[in-house]
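# Geometric and topological summary
Residues per chain, in single letters:
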Number of protein chains: 2
Amino acid sequence: MDHNEQLKLENQLCFSVYACSREITKMYRPYLDQLGLTYPQYLVLLVLWEHHETTVKALGAELYLDSGTLTPLLKRMEEAGLVKRERSKEDERRVMVHLTSEGEELREKASIIPDAMAANSGLSKEEFKKALTGFQQLLDHIHSVNEK
Amino acid sequence: MDHNEQLKLENQLCFSVYACSREITKMYRPYLDQLGLTYPQYLVLLVLWEHHETTVKALGAELYLDSGTLTPLLKRMEEAGLVKRERSKEDERRVMVHLTSEGEELREKASIIPDAMAANSGLSKEEFKKALTGFQQLLDHIHSVNEK
DNA sequence: GAATATTAGGTTGTGCACAATTTAATTTTA
DNA sequence: TAAAATTAAATTGTGCACAACCTAATATTC
């Protein structure tokens, strides 16, 4: 493989990830539309369904998003009645985010989504696992490079 | 692997792709900033450096983007003096997009980018190839599912 | 060749993403 | 403990993404 070919490959890989990400979001859309959610909002709920309460900071660390993205997103979710935001009493710099009962209830309705997605992806369980392992390694590596 | 575990895996894979895409864009940013480009603009240039001239429609098909995204993006690139947009004389529905000499010249300056990216990714050539193959398959599959 | 359908782009409105800056609260240090 | 540094969110501004809709040009059908 010559140098030029290598460069093309690299461009293609980055592009594939970029395009794939958008296509995945598009795949979720019809299901999330029924729940009145966007994909990033769904990710926030996935975190909250596990932890029930968290901070903006912790959410950002989990989802790799900063307050510039999360603050307006969480405000929209609060407006929709899914979460509640309030300053921590112990440390007033922090904003605690927790589910409302409505946000909690959405968990049931959303439970069909992962099955539908897995079916649409066309991957077997084994392929899933392999893809995930490779991906998380790449993600961790790039993230650490970006942090520097 | 039980059902619940499978669902978590699926969520993690989609999230990894989503987060990875943003981290890759972030990795490009310092290099692209020097050229006054964004990542989607760089992708447009990659296409034009190959073909020299294309249509909005064809660009959209290559990059999986629609006119709602491309029209304002191309206008900004035109404003920056990188491309020229003009209606086709043969079929006035089409808008031809071609490089200016300035856009052509940027190719030289951009040539260091792929090397830097490949080094940052931490992948060997073999890993690159394997990742790319898996990815394009996934992309094609999901894209075809979404088209239906 | 007039009516209909299709196609290519553009426009509008909403929601991320993120850099850069600001504000306020808490910690650290002199 | 007062000053300096750090931290957590919020704000502002730019640029995608994309759905829904609109307009104009071309193709098709009758």
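Scroll up for the structure.
Description of the structure in this document. (Residues numbered from 1 in each chain as written. Chains lettered and ligands numbered in written order. Predicted model: local features only at pLDDT ≥ 70, side-chain atom pairs only at ≥ 80, totals over all residues. Heavy atoms only, no water.)

## Points about the overall build of chain A
What counts here: Only DSSP runs of H or I with at least four residues qualify as helices, and only runs of E with at least two residues qualify as strands; both kinds are numbered from the N terminus onward. Three exposure classes are used, based on accessible area relative to the maximum for each residue type with a 1.4 Å probe and protein chains only: buried under 20%, partly exposed in between, and exposed over 50%. The contact rule is simple, with two residues in contact once any of their heavy atoms fall within 4.5 Å. In these tables, accessible area is a Shrake-Rupley quantity obtained with a 1.4 Å probe, and a residue counts as shielded only by the protein chains included in the view. Charge convention: Lys and Arg are scored as positive, Asp and Glu as negative, and His as well as the terminal groups of each chain are ignored. By convention, the point assigned to a charge is CZ for Arg, NZ for Lys, CD for Glu and CG for Asp.
When helices and strands are counted, chain A shows seven helices and three strands. Counting helices and strands in the order they occur from the N terminus, chain A gives α-α-β-α-α-β-β-α-α-α. When burial is assessed residue by residue, chain A has 47% of its 148 residues classed as buried. Excluding contacts between residues fewer than 6 apart, the proportion of contacts in chain A whose partners are at least 24 apart in sequence is 50%. Counting only carbon and sulfur atoms, one obtains 49% of the accessible surface of chain A, whose full area is about 8100 Å². For chain A, the distance from the average site of its 19 positive side-chain charges to the average site of its 24 negative ones is 3 Å.

## Things to note about the packing of helix α2 (residues 39-51) of chain B against helix α3 (residues 56-63) of chain B
Residue and element names in this part refer to chain B. Keep this limit in mind: Interaxial angles span 0 to 180 degrees and are taken between N-to-C directions of axes, which are lines fitted to C-alpha atoms, for helices over the stretch in contact. Two helices crossing with the near one rotated counterclockwise from the far one by less than a right angle form a left-handed crossing, whereas a clockwise rotation gives a right-handed crossing.
Look at α2 against α3: their axes get within 11 Å of each other, and the N-to-C directions meet at 115°. Helix-helix and strand crossings are classified by hand; for α2 and α3 the assignment is right-handed. When α2 is examined against α3, the residues Leu43, Val44, Val47 and His51 are found in contact with a partner set consisting of Leu59, Glu62 and Leu63.

## Overview of the relation of the copies chain A and chain B
Filter applied, for reference: Least squares is the method used to superpose the copies, on C-alpha atoms of residues holding a pLDDT of at least 70 in both.
Structural alignment of chain A on chain B gives an RMSD of 0.0 Å, achieved by rotating through 180° and translating 0.0 Å along the axis. Overall, the copies show the geometry of a two-fold rotation axis. A share of 100% of interface residues in chain A that are also interface residues in chain B marks the association as one of identical surfaces.

## Re the state of the cysteines
In protein structure, a disulfide is the covalent linkage between the sulfur atoms of two cysteines. The criterion, for reference: Here, two cysteine sulfur atoms that lie within 2.5 Å of each other are counted as a disulfide.
Inspection of the entire model under this criterion finds zero disulfides over all chains. Cys14 of chain B provides the cysteine sulfur closest to Cys20 of chain A, a residue in no disulfide bond, and the two sulfurs are 8.8 Å apart. Owing to a relative accessible area of 0%, Cys20 of chain A belongs among the buried residues under this scheme.

## What about the sheet that holds strand β3 (residues 95-99) of chain A?
Residues and elements named next belong to chain A. What counts is decided by this rule: Strand pairing is assigned whenever DSSP detects at least two bridges linking the two strands.
The sheet built from three strands is open, its strands ordered β1-β3-β2 with antiparallel pairing. Every other strand in the sheet has two partners, leaving β1 (53-55) and β2 (83-87) as the edge strands with one partner each. Direction aside, the axes of adjacent strands within the sheet are offset by 25° on average. Direction of pairing for β1 relative to β3: antiparallel, over a ladder of three bridges. Residue pairing for β3: Thr54 is matched across the bridge by Val97.

## So, the nonpolar core
Condition: Grouping buried Ala, Val, Leu, Ile, Met, Phe, Trp, Tyr and Cys residues that are joined through side-chain atoms within 4.5 Å yields what is termed a nonpolar core.
In terms of nonpolar packing, the biggest core is built from 86 residues, with Tyr28, Tyr39 and Val44 of chain A together with Tyr28, Tyr39 and Val44 of chain B touching the most fellow members. Ignoring any residue separated from it by four or fewer positions in sequence, one finds Tyr39 of chain A in contact with Thr25, Tyr28 and Leu32 of chain A together with Cys14, Phe15 and Tyr18 of chain B. Core analysis: the next-biggest nonpolar cluster, separate from the first, contains five residues, Ala118 and Leu132 of chain A together with Leu9 and Leu13 of chain B among them.

## A word on the interface of chain A and chain B
Accessible area lost during the coming together of the parts is what is often quoted as the interface size. Using the following cut-off: By convention, the term buried area covers the 1.4 Å-probe accessible surface removed from two parts as they join, with the contributions of both added. The term salt bridge refers to a side-chain nitrogen of Lys or Arg lying within 4 Å of a carboxyl oxygen of Asp or Glu. Any pair of N or O atoms that falls within 3.5 Å is considered a polar contact. Within protein, one atom must be able to donate a hydrogen and the other to accept it, and sequence-neighbouring residues count only if both atoms are side-chain atoms. Each residue gets one label: Ala, Val, Leu, Ile, Met, Phe, Trp, Tyr, Cys and Pro are nonpolar, Asp, Glu, Lys and Arg are charged, and the others, such as Gly, are polar.
Facing the 56 residues of chain A at the interface are 56 residues of chain B. Summed over both sides, the interface between chain A and chain B buries roughly 5600 Å², with carbon and sulfur atoms accounting for 69% of that surface. At the boundary of chain A and chain B, one finds zero salt bridges. Our enumeration of links across chain A and chain B arrives at nine residue pairs in polar contact (both at pLDDT 80 or more). Of all the elements in the fold, those that place two or more residues in the side of chain A that touches chain B are α1 (3-35), α2 (39-51), α3 (56-63), α6 (113-121) and α7 (125-147) of chain A. Counting residues per element, the side of chain A that touches chain B draws most heavily on α1 of chain A, which supplies 23 residues. A per-class count over the side of chain A that touches chain B returns 33 nonpolar, 13 polar and 10 charged.

## Some thoughts on the sheet that holds strand β1 (residues 53-55) of chain B
Residues and elements named next belong to chain B. Within the open sheet, the three strands sit side by side as β1-β3-β2. Their pairing is antiparallel. Here the strands that pair on one side only, and so sit at the sheet edges, are β1 and β2 (83-87). Across the sheet, the mean angle separating the axes of adjacent strands is 25° when strand polarity is ignored. Alignment of β2 against strand β3 (residues 95-99), held across five bridges, turns out to be antiparallel. In the sheet register, Val83 faces β3, and the bridge partner there is Leu99. Set on the sheet, α3 makes contact with β1 and β3; between it and β1 the angle comes to about 85°. Its contacts with the sheet put helix α4 (residues 67-79) on β2 and β3, and the angle it makes with β2 is roughly 125°.

## Focus: the protein's contact with DNA strand C
Note the cut-off: In these notes, residues near a molecule or strand are those with any non-hydrogen atom within 4 Å of it.
Near DNA strand C there are 30 residues, and of these Thr38 of chain A together with Tyr18, Lys57, Thr71 and Lys75 of chain B occur at the shortest range. In DNA strand C, atoms within 4 Å of the protein come from the sugar-phosphate backbone in 82% of cases. One nitrogen or oxygen atom from the side chain of Gln41 of chain A is found 2.8 Å from a phosphate oxygen belonging to DNA strand C. Take Arg85 of chain B: an N or O atom from its side chain is 2.8 Å from a phosphate oxygen of DNA strand C. Residue assignment for the surface near DNA strand C shows that the elements contributing at least two residues are α2 and α4 (67-79) of chain A together with α1 (3-35), α3, α4 and β2 of chain B.

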